[in-house]
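What follows is each chain in one-letter form.
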Amino acid sequence: MSIKLRLVLSYVAMTVIPVVLFALIVMTVASQLFKASSDTGGPTRIPATWEASNTLDELTAGLKFIAGTSPDLFTDGVFLGKMAERFRSLKAGLVVAKNGAVAYTSPNVADIPELYDRLQEVRPGDTRPSWGGKKVGGKYSVVRYDIPFGDGSEGGVYVLYDMSGFFSGMRFLFLLAVAALLVVVALTNGILTFFVSRSLIKPLLALRSAAERIKDGDLDRQVNLKRKDEIGKLGEAFEAMRVRLNESIRLQLQYEDNRKELIASISHDLKTPITGIKACVEGIQDGIADTGPKRDRYLGMIAKKASDMDRLIDELFLFSKLDLNRLPFDMEPTDLGAYLSDCAEELRADPRMAGIAVRYESAGGTAIVAADREKLRRVVMNIVENSLKYMDRPDKELSIAWTDGEREATVRIGDNGAGIASEALPHIFDRFYRAELSRNTDTGGSGLGLAIVKQIVEGQGGRVWAESVAGEGTRIYFTLVKTGTDGVRP
């Protein structure tokens, strides 16, 4: 459930629940206040207003009947006294008027000021529940019946019901209802606010705790709020950030280790040819190379060491630019079969390949791939140079072949050398990795050759992998995307 929907429901609940509870409380109190009960004198009971009203209606109806059938009874003091007593028990009073003046008044309403004038405001048969003079703050409901007396005079009978008890009960009910409403609203809003706030604050506290752990360097604890709302999405984004930050730090540490390894490798690989150059120079300076052939040999050694240093620096420079994605690729359609055939011809003419049989195997047909030709040549030469280091058989062989696929073409360069140990095979494309721990420059190399191969191949949208059997040789494969298929870089 989203936070917006949750808040809307809480606002609705804050409105509906208090109204429902308020209505239930008012109904319960009203039923207790006005229910019919014979127990009207107890200290904890409120007068049974409705029951008294029903009895009063019956007496009033009887008066109306008497007024129509025996009007002279309203001149009988004994009758009027009995009726007044019955009305008094119901908190009502009886008034009889004759010839424009009050002829009889119940004792409980006798002291109402301007009684007759007020009674004249009541129409015959009219009931007015809220008129009245004050009698200890009382209010009266009045009923009037006109009486034609036997002597020919006109008059009327009035019944006055004291409504003070009713209005007191209503005031009590109103105050109780207001208090109940305030309590219900406070409790409902307080409880709902607590739970809604808790549902929002608890995950925020979890995120704050996770942020503090990250600030302290603890990136291993997962952030899982187990929610589907906006805060849950925030938690997912926070977790993604934690994972990426953890991965970034891991890569940074890896880069730092690689940098240290690079410094150590460069220090060793540069020191070796420099030491050789220095020894040759000292030999010439000390007169050891006292003949022309010796000087030529020393100079040849210096030239070779300088060439090794130049090649190492070139590889480092190329790898750095590839690693930082600062080396652009000049992609163009290339006939893969013709390109590899030319590479095989160049290798056969290379002096380093003397004594090595170079075989080229064509898949037949034509495969047009998207490739940077210059960098592709670097891929082929790096793989070949890696193979040359480990060819230890008299009948050395190097094979270049390719196969066509639906979306990509696959190139295979294999040799019949010593092969690569199974535990080293997964790492040969890692930067600075050397299966040859002796770091011999003739075999170990810089550790960047195959890493450069991987960078170039993947930079052109391909893949690279190797297969090897110790003692039988190694085959390195890489793919190139065919033009006209998805994923080809422009």
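Everything quoted here is computed from the prediction, not taken from an experiment.

A. Seen up close, the overall build of the protein chain. Along its length, the protein chain carries 10 helices and 12 strands. A burial count over the protein chain gives 39% of its 490 residues as buried. When contacts within the protein chain are restricted to residue pairs at least 6 apart in sequence, those whose partners lie at least 24 apart make up 63%. Within the structure as shown, the protein chain displays about 27,900 Å² of accessible surface, and the carbon and sulfur contribution to it stands at 57%.

B. Region of the structure containing the sheet that holds strand E9 (residues 396-404). With mixed pairing, the 5 strands of this open sheet are ordered in space as E7-E9-E10-E12-E11. Only two strands of the sheet have a single partner each, and these edge strands are strand E7 (356-361) and strand E11 (464-469). The sheet shows a mean angle of 15° between the axes of neighbouring strands, taken without regard to direction. Relative to strand E10 (residues 408-415), E9 runs antiparallel, the two sharing 7 bridges.

C. Spatial organisation of the pattern of salt bridges. For the structure shown, the criterion picks out 16 salt bridges. With a closest N to O distance of 3.2 Å, Glu361 and Arg412 form a salt bridge. Taken together, the residues span a long stretch of sequence, with Glu361 in strand E7 and Arg412 in strand E10 at a distance of 51 residues. According to the relative accessible area criterion, Arg412 is partly exposed, its value standing at 23%. Of the charged contacts, one joins Asp372 and Lys375 as a salt bridge, the two residues approaching to 2.9 Å between their closest N and O atoms. For Lys375, a relative accessible area of 12% translates into the label buried. Among the charged side chains, a salt-bridge network with shared partners connects Arg359, Glu361, Glu397 and Arg412.

D. Examining the packing of aromatic side chains more closely. If you walk through the whole model with that rule in mind, you get 2 aromatic pairs. Pairing Phe74 with Phe79 gives two aromatic rings, centres 6.0 Å apart and planes at 80°, and the pair type is edge-to-face. Judged by its relative accessible area of 2%, Phe74 is buried. Judged by relative accessible area, which is 17%, Phe79 ranks as buried. A centroid spacing of 5.4 Å and a plane angle of 5° characterise the contact between Trp465 and Tyr477, whose relative ring orientation is stacked. Separated by 12 residues along the polypeptide, Trp465 in strand E11 and Tyr477 in strand E12 (residues 473-481) bring together distant segments of the chain. Its relative accessible area of 29% is what places Trp465 among the partly exposed residues. The residue whose ring lies beneath Lys98 is Phe149, and the NZ or CZ to ring-centre distance is 4.9 Å. Over the face of the ring belonging to Phe329 we find Lys375, whose NZ or CZ atom lies 5.5 Å from the ring centre.

E. Local environment of the nonpolar core. By size, the foremost hydrophobic cluster in this structure holds 47 residues, and its most contacted members are Leu336, Leu340, Leu347, Ile383, Leu398, Ile413 and Phe478. Leu63, Met83, Phe149 and Met163 belong to the second-largest nonpolar core, a separate cluster that totals 24 residues.

F. Highlighting the side chain of Asp415. Mapping Asp415 onto the fold places it in strand E10. No salt bridge is formed by the buried Asp415; its nearest oppositely charged neighbour, Arg475, is found at 8.1 Å. Within the structure, the side chain of Asp415 is placed 2.8 Å from the backbone nitrogen of Gly417, a separation counted as a polar contact. Not counting residues up to four positions away in its chain, the partners in contact with Asp415 are Ser387, Met391, Glu397, Leu398, Glu472, Gly473 and Thr474.

G. Representation of a nonpolar patch on the surface in the model. Together, Val12, Val16, Ile17, Val20, Leu21 and Leu24 give the surface a local cluster of nonpolar side chains, amounting to about 460 Å² of exposed area. For Leu24, the position within the fold is in helix H1 (residues 3-34). By relative accessible area, Leu24 is classed as partly exposed at 47%.

H. Structural view of the pairing of strand E1 (residues 92-98). The element E1 is extensively covered by neighbouring structure, given that 6 of its 7 residues are classed as buried. Two strands pair when backbone bridges link them, and E1 and strand E5 (residues 154-162) are joined in this way by 7 bridges, in the antiparallel orientation. By the bridge assignment for E5, Lys98 is matched with Gly155. In this structure, the hairpin formed by E1 and strand E2 (residues 101-105) is closed by a connection of 2 residues, where Asn99 is found at a positive phi of approximately 55°.

I. Focus on the packing of helix H9 (residues 373-389) against helix H10 (residues 449-459). Packing of H9 against H10 leaves a shortest axis separation of 9 Å and a crossing angle of 150°. Taken together, the axis directions place H9 and H10 in an arrangement best described as roughly antiparallel. The handedness of the crossing between H9 and H10 comes out as left-handed. When H9 is examined against H10, the residues Lys375, Arg378, Val379, Asn382, Ile383 and Asn386 are found in contact with a partner set consisting of Gly449, Leu450, Ile452, Val453, Ile456 and Val457.

J. Main features of the confidence of the model for the protein chain. Per-residue confidence for the protein chain gives a mean pLDDT of 77, with 80% of residues at or over 70. Predicted confidence for residues 36-48 stays below pLDDT 50, and this span has 13 contacts to residues more than four positions away or in other chains. Every residue in residues 127-138 is under pLDDT 50, and counting partners more than four places away or in other chains gives 33 contacts.

Conventions adopted
- Residues numbered from 1 in each chain as written.
- Predicted model: local features only at pLDDT ≥ 70, side-chain atom pairs only at ≥ 80, totals over all residues.
- Heavy atoms only, no water.
- Helix = DSSP H or I, 4+ residues; strand = E, 2+ residues; numbered from the N terminus.
- Buried < 20%, exposed > 50% of the residue type's maximum accessible area, 1.4 Å probe, protein only.
- Contact = heavy atoms within 4.5 Å.
- Areas by Shrake-Rupley, 256 points an atom, 1.4 Å probe, with all protein chains shown as cover.
- Pairing = 2+ DSSP bridges.
- Axes fitted to C-alpha atoms, helices over the stretch in contact; angles between N-to-C directions.
- Salt bridge = Lys/Arg side-chain N within 4 Å of Asp/Glu carboxyl O.
- Phe/Tyr/Trp six-rings, centres within 6.5 Å; stacked < 30°, edge-to-face > 60°.
- Lys NZ or Arg CZ within 6 Å of the ring centre and 35° of its normal.
- Core = buried A, V, L, I, M, F, W, Y, C linked by side-chain atoms within 4.5 Å.
- Lys, Arg positive; Asp, Glu negative; His and termini not counted.
- Polar contact = N/O pair within 3.5 Å; in protein donor to acceptor, adjacent residues only side chain to side chain.
- Patch = residues over 30% accessible without salt bridge, like charges linked within 9 Å, V, L, I, M, F, W, Y side chains within 5 Å.
- Parallel < 35°, antiparallel > 145°, perpendicular 65-115°, else oblique.
- Left-handed = near helix turned anticlockwise from the far one by under 90°.
- pLDDT = per-residue confidence, 0-100.

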